[in-house]
Amino acid sequence: MTAATTPGLRVERAGPQALIQDAGRFGVRHLGVTQGGALDWVSLGWANWLLGNPPETPGLEIAIGDLELRIEASARLALAGADLGATLDGRPLPNNASFAVEAGQRLAFAAPVRGLRAYLAVPGGIDAEPVLGSVATVTREGLGGLDGHGRALAAGDTLGWRGQGCADRVLPRDVVLPPEAEAALALVPGAQIAHFAGDSVFAAFNREWRVDDRADRMGVRLLGPELHCRLSGMISEGIPLGAVQVPADGQPIVLLNDRQTIGGYPRLGALTPLACARLAQLAPGESLRLTPTTPAQARRAHLAQWARWHADD
Amino acid sequence: MTPRLETVGMDSLIVRLFETIDEANMPWLAAADSALREAFGSALIDLVPSYTTLLVHYDVVALTPGEARERIRTALTDLAPASAEQGRRHVIPVWYDESVGPELPRIAERLGTSVADVVERHCARDYGVFALGFAPGYGFMGLVEATLATPRLKTPRQKVAAGSVGIADRQTAIYPLRSPGGWNLLGRTAVTLFDRDREGYSLLRPGDRVRFEAIDRETFIAQGGDTTPLEEREERP
């Protein structure tokens, strides 16, 4: 662990899922190393944007809540993503905004009000030594995080940050609006979709899906119509982010950042990275629809998101 | 050699070279790997070779989907297999013992032979590394001789110790770190498969060759091996 530039936050209490995340680990997937990184990379990006950090700057991904931090140094911090009932010294904090903190104050996250994962940005990013090019915490692989060995935050940890002063921005209105009641997640159909039964493909895009409680950073299972594929016993191959794989029980699993790097289940295609970020905020039981898109359309939407962060650079 | 290109996501394409698992695929996959790395340069985010395919994950800021396809087509025109001697050969010492390889006696029993004979058969040939995956540095190797082929456990173990050597069907592998796993365990090695301080991190690379060598308990301990038995009771409460 490196010496923190500024000791900024002390962890008083932590649930199992407060993780340091950035964009993820790239260039090593051929060695079996997973991507990792913020599941809702859009919210991490906005949290960083609020402080004037680059969108992929290391921040804290707080899933579910159950986290209490003691402020060690005065600064401006920012929150985006889920509303986890955050409070500063017991007073509710506005979500999707930056706020001033002073040494001695307590920043606490209770439980999800809306969404699942909140992102906390700090000046210049959380100070942690990158492992294989990234600080992304992957517990299963023992990589990243504060100690470099994939450990989630625990009581007694001290987080430092790398920067000093920072911007004081307000999020564009359309970003802070509540997400639509039923999420529409864009999916790029893959070549293997040709091996699915016609009525299964129809059902995939026209029926409602529900998020199962079997959901974590590796993947999210969806409940809905049973999908049938003529392929079975495929040879394992590389799996992209958002791949929608369909095992024999016909219930799809969307593979997210901490997925295994290769696998052998037939796939409908892959959610776009924007859709993956949206999915990461859906709680078990929430409903969604899948909408087909093309790689070119998906790319345009993706680049548009990045352009917003760089608009006033 | 006509590679097939398949869309698999916004920024990813699968290059399909073969339809079946075969050690003869490896020189072709190695050649495609080099050609694609060169063709994409900094526009390549990740390239994941597997038994019959390569997954190309490219940077959408740098390339449109059409441009990515074109680069792949150009790169793979007139592809020639890489030299079969390119991969490295590793000799991996393994302590074969029931306490750390609980399926060893079961396989011997099924074959109507001794544990020593099963060990001898597992050590009798070089295995090719087909692909890395499942965990950092986890190499899928094969093929073990047909008589040793054993299907995966019906219920995977919650915890398999680091260094465990296993068999699934006609493939064999070593668990680089403690993880869940459903392979049939024969023994354990003290060799470190994945090391963040090692050049290239992973001991095994696709196309490498691996030979297992049986060692006794004392040698295993001298090499730093962990003799803690696999405690099945604890894993299945």
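Just so we're clear, the structure is a prediction, and the values are computed from it rather than from any experiment.

The rules we used
- Residues numbered from 1 in each chain as written.
- Chains lettered and ligands numbered in written order.
- Predicted model: local features only at pLDDT ≥ 70, side-chain atom pairs only at ≥ 80, totals over all residues.
- Heavy atoms only, no water.
- Helix = DSSP H or I, 4+ residues; strand = E, 2+ residues; numbered from the N terminus.
- Rg over C-alpha atoms; globule rule 2.2 N^0.38 Å.
- Buried < 20%, exposed > 50% of the residue type's maximum accessible area, 1.4 Å probe, protein only.
- Contact = heavy atoms within 4.5 Å.
- Areas by Shrake-Rupley, 256 points an atom, 1.4 Å probe, with all protein chains shown as cover.
- Lys, Arg positive; Asp, Glu negative; His and termini not counted.
- Charge placed at Lys NZ, Arg CZ, Asp CG, Glu CD.
- pLDDT = per-residue confidence, 0-100.
- Polar contact = N/O pair within 3.5 Å; in protein donor to acceptor, adjacent residues only side chain to side chain.
- 1 Å grid on protein atoms, 1.4 Å probe; cavity = no way out; pocket = protein on both sides within 12 Å on 5 of 7 lines; lining within 4 Å.
- Points joined across faces, edges and corners; volume = space filled by probe spheres on them.
- Nonpolar A, V, L, I, M, F, W, Y, C, P; charged D, E, K, R; others polar.
- Salt bridge = Lys/Arg side-chain N within 4 Å of Asp/Glu carboxyl O.
- Phe/Tyr/Trp six-rings, centres within 6.5 Å; stacked < 30°, edge-to-face > 60°.
- Domains from an automatic or database assignment.
- Buried area = accessible area lost by both parts, 1.4 Å probe.
- Core = buried A, V, L, I, M, F, W, Y, C linked by side-chain atoms within 4.5 Å.

Visitor: What is the right way to read the overall build of chain A from this model?
Guide: Looking only at helices and strands, chain A has 5 helices and 20 strands in total. Against the 2.2 N^0.38 benchmark of 20 Å for 313 residues, chain A shows a C-alpha radius of gyration of 20 Å, consistent with a compact globule. Looking at chain A as a whole, 58% of its 313 residues are labelled buried. Of all intrachain contacts in chain A linking residues separated by at least 6 positions in sequence, the fraction that spans at least 24 positions is 75%. Surface summary for chain A: the accessible area is close to 11,800 Å², and the carbon and sulfur share equals 53%. With 28 positive and 32 negative side-chain charges, chain A shows a spacing of 3 Å between the two charge centroids.

Visitor: Even after reading the chapter, I still don't get the confidence of the model for chain A, so can you show me in this structure?
Guide: A residue-level look at chain A finds 96% of positions with pLDDT of 70 or above and a mean pLDDT of 93. Across chain A, the element-wise mean pLDDT spans from 78 in helix H2 (residues 173–176) of chain A up to 98 in strand S6 (residues 87–88) of chain A.

Visitor: Is there a simple way to explain the side chain of Thr7 of chain B in this structure?
Guide: You can see Thr7 of chain B is positioned in strand S1 (residues 4–9). Under the relative-accessibility criterion, Thr7 of chain B is labelled buried at 17%. Side-chain polar atoms of Thr7 of chain B contact the side chain of Arg69 of chain B, separated by 2.9 Å. If we ignore the near neighbours within four places in the chain, the residues touching Thr7 of chain B are Val188, Pro189, Gly190, Ala191 and Pro295 of chain A together with Ser12, Leu13 and Arg69 of chain B.

Visitor: How should I be thinking about empty space enclosed by the protein in this particular structure?
Guide: Take a probe with the size of a water molecule and roll it over the atoms, and the empty space left behind shows itself. Tallied over the full model, the rule gives 3 cavities of 30 Å³ or more. Approximately 50 Å³ is the volume attributed to the largest cavity. Looking at the largest cavity, the residues that line it are Gly190, Ala191, Gln192, Arg267, Leu268 and Gly269 of chain A together with Glu6, Thr7 and Val8 of chain B. Listed by contribution, the elements that provide at least two residues to the lining of the largest cavity are strand S19 (267–271) of chain A together with S1 of chain B. Partitioning the lining of the largest cavity into residue classes produces 3 nonpolar, 4 polar and 2 charged.

Visitor: When you look at the pattern of salt bridges in this model, what are you seeing that I'm missing?
Guide: Close approach of charged atoms lets side chains of opposite charge pair. Under the defined criterion, the tally for this structure stands at 35 salt bridges over all chains. Residue Asp168 of chain A pairs with Arg76 of chain A through a salt bridge whose shortest N-O separation is 3.4 Å. With a gap of 92 residues between them, Asp168 of chain A in the loop between strand S11 (158–161) and H2 and Arg76 of chain A in strand S5 (residues 75–83) connect regions that are remote in the sequence. Its relative accessible area of 26% is what places Arg76 of chain A among the partly exposed residues. In this structure, Arg16 of chain B and Glu6 of chain B form a salt bridge, with 2.7 Å as the shortest nitrogen-oxygen distance. Separated by 10 residues along the polypeptide, Arg16 of chain B in strand S2 (residues 12–16) and Glu6 of chain B in strand S1 bring together distant segments of the chain. Residues Arg16 of chain B and Glu6 of chain B agree in their burial class; the two are buried.

Visitor: What's the story with the packing of aromatic side chains in this structure? I'm lost.
Guide: Any pair of aromatic rings gets described here by the distance separating the centres and the angle formed by the planes. Residue and element names in this part refer to chain B. On inspection of all chains with the given rule, the structure shows 16 aromatic pairs over all chains. Measuring from centroid to centroid gives 5.3 Å for Tyr138 and Tyr175, while their planes differ by 75 degrees, and the two rings are edge-to-face. Taken together, the residues span a long stretch of sequence, with Tyr138 in the loop between strand S6 (127–132) and strand S7 (139–142) and Tyr175 in the loop between strand S10 (171–174) and strand S11 (179–181) at a distance of 37 residues. On the accessibility criterion, Tyr138 (1% relative accessible area) is buried. Since its relative accessible area comes to 1%, Tyr175 is described here as buried. The rings of Tyr51, Phe130, Phe134, Tyr138, Phe140, Tyr175 and Trp183 are connected pair by pair, giving a single aromatic cluster.

Visitor: How should the domain arrangement of chain B be read in this particular structure?
Guide: By a widely used convention, the size of an interface equals the accessible area lost when the partners come together. All names here are of chain B. Examined at the domain level, chain B breaks down into domain 1 (4–76) and domain 2 (89–235). Summarising the inter-unit geometry, the C-alpha centres of domain 1 and domain 2 are found 30 Å apart. Both faces combined, the contact of domain 1 with domain 2 buries some 700 Å², and carbon together with sulfur accounts for 63% of it. It is Glu23, Met26 and Tyr51 in domain 1 that bury the most area against domain 2; as a group they hold 72% of the surface buried on that side. For the interface between domain 1 and domain 2, the tally reads 1 salt bridge. Ionic pairing is found between Glu23 and Arg209, a salt bridge with its closest N-O pair at 3.2 Å. At the junction of domain 1 with domain 2, the criterion picks out 2 residue pairs in polar contact (both at pLDDT 80 or more).

Visitor: Can you walk me through the interface of chain A and chain B in this structure?
Guide: Taken together, the 41 residues of chain A in the interface contact 43 residues of chain B. Counting each side, the surface lost to burial between chain A and chain B is near 3,200 Å², with a carbon and sulfur contribution of 65%. Three residues, His30, Leu31 and Arg299 of chain A, lead the burial of chain A against chain B; their summed loss comes to 21% of the area buried on that side. Asp46 of chain B serves as the salt-bridge partner of Arg29 of chain A, at 3.4 Å between the closest nitrogen and oxygen. Put simply, chain A and chain B have 13 residue pairs in polar contact (both at pLDDT 80 or more) between them.

Visitor: Before we go on, may I ask you to explain the confidence of the model for chain B in this structure?
Guide: Summing up the model confidence of chain B, the mean pLDDT is 93 and the portion of residues at 70 or higher is 96%. Taken together, the stretch residues 233–237 of chain B has pLDDT below 50 and engages in 6 contacts with residues farther than four places along the chain or on a different chain.

Visitor: How should I be thinking about the nonpolar core in this particular structure?
Guide: In a soluble, globular protein the nonpolar side chains are often hidden away together inside. If you look at the biggest cluster of nonpolar residues, it comprises 49 residues, and the most contacted ones within it are Val15, Leu36, Phe40, Leu54, Val56, Ile72 and Leu76 of chain B. Secondary-structure elements contributing two or more residues to this core are S1, S2, helix H1 (26–40), strand S3 (44–49), strand S4 (53–58), helix H2 (65–76) and S6 of chain B. It is H1 of chain B that provides the largest number of residues to this core, a total of 7 residues. Excluding residues within four positions of it along the chain, Val15 of chain B makes contact with Pro3, Arg4, Leu5, Leu36, Thr52, Thr53, Leu54, Val56, Ile72 and Leu76 of chain B. Listed in part, the 44 residues of the second largest apolar core include Leu51, Leu185, Leu187 and Leu268 of chain A.

Visitor: How should I be thinking about unusual backbone geometry in this particular structure?
Guide: Negative phi values dominate among residues other than glycine, just as trans dominates among peptide bonds. Across the junction of Gly142 of chain B and Leu143 of chain B, the peptide omega takes the value -5 degrees, indicating a cis bond. On the secondary structure map, Leu143 of chain B appears in the loop between S7 and strand S8 (157–160). Backbone geometry at Ile64 of chain A places phi at a positive 70 degrees, although glycine is not the residue there. Structurally, the position occupied by Ile64 of chain A is in the loop between strand S3 (59–63) and strand S4 (67–71). One non-glycine residue, Asn96 of chain A, adopts positive backbone phi at about 55 degrees.

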